[in-house]
Amino acid sequence: MSVESTLAKAETDLREGRLGLARRRLRGLLESRPTDLTVRHRLAGSYRWIHCLDESGRWNYLDESLTADELAAFERRFRDPARRLAVLHWPDPEHTPPATPLARRRLAALHRQATGRQPDWPDHPDDAATVAPPLPPRPMPRQPVHRAPVPRFAPRPPEMPMHVAAFRLTLFIAAGVALIALVQHQLG
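Residues numbered from 1 in each chain as written. Predicted model: local features only at pLDDT ≥ 70, side-chain atom pairs only at ≥ 80, totals over all residues. Heavy atoms only, no water.

With respect to the packing of helix 1 (residues 3-15) against helix 2 (residues 19-32)
Between two packed helices, both the angle of their axes relative to each other and the distance between the axes serve to describe the pair. Heads up, the rule is: Helix axes are fitted only over the stretch in contact, all axes being lines through C-alpha atoms; the angle between N-to-C directions runs from 0 to 180 degrees. Here a strand is any run of E in DSSP of at least two residues, a helix any run of H or I of at least four, and the numbering for each starts at the N terminus. The scheme is simple: roughly parallel for angles under 35 degrees, roughly antiparallel for over 145, roughly perpendicular for 65 to 115, oblique for anything else. Handedness of a crossing is defined here by the sense of rotation of the near helix relative to the far one, left-handed for an anticlockwise turn of less than a right angle and right-handed for a clockwise turn. In what follows, residue pairs with any heavy atoms lying within 4.5 Å of each other are defined as contacts. Under the scheme applied, nonpolar residues are Ala, Val, Leu, Ile, Met, Phe, Trp, Tyr, Cys and Pro; charged residues are Asp, Glu, Lys and Arg; polar residues are all the others, including Gly.
In contact at an axis separation of 7 Å, helix 1 and helix 2 are set at 160° when each is read in the N-to-C sense. In this view, helix 1 runs roughly antiparallel relative to helix 2, as classed from their interaxial angle. Regarding helix 1 and helix 2, the two cross each other, and that crossing is left-handed. Counted together, Val3, Thr6, Leu7, Lys9, Ala10, Asp13 and Leu14 of helix 1 and Leu19, Leu21, Ala22, Arg25, Leu26 and Leu29 of helix 2 form the full contact between these two elements. Its residues placed into classes, the contact of helix 1 with helix 2 shows 9 nonpolar, 1 polar and 3 charged.

Written as structure tokens, this is what we have:
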């Protein structure tokens, strides 16, 4: 199955509320293509649906859409830089640079924090030596915003189609009639 078709199926799964299936598809795709930043971004998006900031930060760490909240949640969950580097599942970060300059700078900075040395990327020595740029500051609201806590559960799944509900009801009624007939036969 091609990358594009798998990404399309995962998007369909997300739209239809099958978040677990979408994440499994994307994780499987990421296992075969661990340096694909698009797959990582889509996986992060699947965790945003359920407001799981630490996981969305983990998979968005090398993407420009990483938010300060996601980064903070990721760093809170994985406090040790070596652990953060390991859970990114980037293959051979010392010798395999990401495709974008921002991703290279972030991975290089994390690699330096975790190992004490800069990566060996001959094609990108400047990115390997520079510090990752800070995230843009979040705009401050003019007035205090009071929000209800966001629940940490998946959105409500789509409703059952009418023909499936009718079929299940028919089976339930047939089972009830059969049970009543069995009891009458035993008693009588």
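Read on for the rest.
Remarks on the pattern of salt bridges
Put simply, the test is: Throughout this description, the term salt bridge denotes a Lys or Arg side-chain nitrogen within 4 Å of a carboxyl oxygen of Asp or Glu. Partly exposed describes any residue whose relative accessible area lies between the buried limit of under 20% and the exposed limit of over 50%, with all areas from a 1.4 Å probe on protein chains only and scaled to the type maximum.
As enumerated under the stated definition, the model contains 12 salt bridges in all. One salt bridge in this structure joins Glu70 and Arg48, with 2.6 Å as the shortest N-O distance. Of this pair, Glu70 sits in helix 5 (residues 68-77) while Arg48 sits in helix 3 (residues 37-48), placing them 22 residues apart in sequence. Classification of Arg48 by relative accessible area gives partly exposed; the value is 31%. The salt bridge involving Glu55 is made with Arg58; its shortest N-O contact spans 3.2 Å.

Re the side chain of Arg40
Stated formally: Two N or O atoms form a polar contact when they lie within 3.5 Å of each other; inside protein one atom must be a possible hydrogen donor and the other a possible acceptor, and for residues adjacent in sequence the pair counts only when both atoms belong to side chains.
Tracing the backbone through its elements, the reader meets Arg40 in helix 3. At a separation of 2.9 Å, a polar atom in the side chain of Arg40 contacts the main-chain carbonyl oxygen of Leu88. If sequence neighbours within four positions are ignored, Arg40 has contacts with Leu30, Pro34, Trp59, Leu88, His89 and Trp90.

Let's talk about the environment of Gly28
Tracing the backbone through its elements, the reader meets Gly28 in helix 2. With relative accessibility at 36%, the residue Gly28 sits in the partly exposed group. Considered as a pair, Gly28 and Thr6 are 22 residues apart in the sequence and their alpha carbons are 9.6 Å apart.

As for the packing of helix 3 against helix 4 (residues 53-60)
Remark: helix 3 packs on helix 4, axes separated minimally by 8 Å, with the N-to-C direction vectors making an angle of 170°. It follows from the interaxial angle that helix 3 and helix 4 lie roughly antiparallel. Contacts between helix 3 and helix 4 involve Arg40, His41, Leu43, Ala44, Tyr47 and Arg48 from the former and Glu55, Ser56, Trp59 and Asn60 from the latter. The residue makeup of the contact of helix 3 with helix 4, split by class, is 4 nonpolar, 3 polar and 3 charged.

Things to note about the packing of aromatic side chains
To keep it simple, the criterion reads: Centres within 6.5 Å are what make two rings of Phe, Tyr or Trp a pair, Trp counting through its six-membered ring; a difference in plane orientation under 30 degrees is then read as stacked, over 60 as edge-to-face, and the rest as tilted. Each ring is checked for a lysine NZ or an arginine CZ that lies within 6 Å of its centre and within 35 degrees of its normal; such an atom marks a charge sitting over the ring.
If you walk through the whole model with that rule in mind, you get 2 aromatic pairs. Note on Tyr61 and Phe74: the rings are 5.6 Å apart at their centroids and 55° apart in plane angle, and the pair reads as tilted. With a gap of 13 residues between them, Tyr61 in the loop between helix 4 and helix 5 and Phe74 in helix 5 connect regions that are remote in the sequence. Both residues of the pair, Tyr61 and Phe74, count as buried. Linked through ring pairs, Tyr61, Phe74 and Phe78 together constitute an aromatic cluster. A cation over an aromatic ring shows up here: Arg23 above the ring of Tyr47, its NZ or CZ 5.0 Å from the ring centre.

Brief notes about a nonpolar patch on the surface
To keep things clear, this is the line we draw: Two distance rules govern patches: like charges are joined within 9 Å, and nonpolar side chains (Val, Leu, Ile, Met, Phe, Trp, Tyr) within 5 Å, applied only to residues with over 30% relative accessible area and no salt bridge. Computed with a 1.4 Å probe, the accessible areas rest on the Shrake-Rupley method; for each residue, only the protein chains presented here act as cover.
Residues Leu169, Phe172, Ile173 and Val177 make up a contiguous nonpolar surface patch of roughly 440 Å² in combined accessible area. Structurally, the position occupied by Leu169 is in helix 9 (residues 162-187).

What to know about unusual backbone geometry
The residue His51 is not glycine, and still its phi comes out positive at about 60°. Within the secondary structure layout, His51 lies in the loop between helix 3 and helix 4. Of note in the backbone geometry, His89 takes a positive phi value of approximately 55° without being a glycine. Along the chain, the position of His89 falls in the loop between helix 6 (81-87) and helix 7 (101-115).

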